[in-house]
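Commentary on secondary and tertiary structure
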Amino acid sequence: MQDETAEQAPGDEAPPGSRQAGEVTCPVCGGSGRSGDGECQDCGGTGTVVRIVGDA
Ligand SMILES: [Zn+2]
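Note that the coordinates shown come from a computational prediction; the quantities given were computed from them, not determined experimentally.

Ideal geometry at a metal centre: 109.5 degrees between donors when four sit tetrahedrally, and 90 or 180 degrees when six sit octahedrally. Coordination of the zinc ion by the protein involves Cys-26 (SG), Cys-29 (SG), Cys-40 (SG) and Cys-43 (SG), with metal-donor separations of 2.3 to 2.4 Å. Each of the four donor atoms bound to the zinc ion contributes to angles spanning 103 to 116°, and the resulting shape is tetrahedral. Read from N- to C-terminus, the donor residues coordinating the zinc ion fall into the pattern C-x2-C-x10-C-x2-C. One end of the pair, Cys-26, is in the loop between strand S1 (21–25) and strand S2 (34–35); the other, Cys-43, is in the loop between strand S3 (38–39) and strand S4 (48–52), and 17 residues separate them in sequence. Cys-26 gets classed as buried once you look at its relative accessible area, which sits at 1%. Classification of Cys-43 as buried rests on a relative accessible area of 1%.

Cut-offs applied
Residues numbered from 1 in each chain as written. Predicted model: local features only at pLDDT ≥ 70, side-chain atom pairs only at ≥ 80, totals over all residues. Heavy atoms only, no water. Donors = N, O, S within 2.8 Å, 3.2 Å for Na, K, Ca; no water. Tetrahedral: all angles 85-135°; square planar, octahedral: opposite > 155°, others 65-115°. Helix = DSSP H or I, 4+ residues; strand = E, 2+ residues; numbered from the N terminus. Buried < 20%, exposed > 50% of the residue type's maximum accessible area, 1.4 Å probe, protein only.

Right, here's the structure in full:
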């Protein structure tokens, strides 16, 4: 069974591996993966999020 959303954090704009997508430091937690007492909700605790970087 495939679960294509398994690797995608809430802050991701595109699935990992997508064209024009790149992994960047999470702007919410600054890459720490932590937010307050728990893990960052934007990156899911990974410290990175997938953003659309575009391609000229
Ligand atoms: Zn984060």
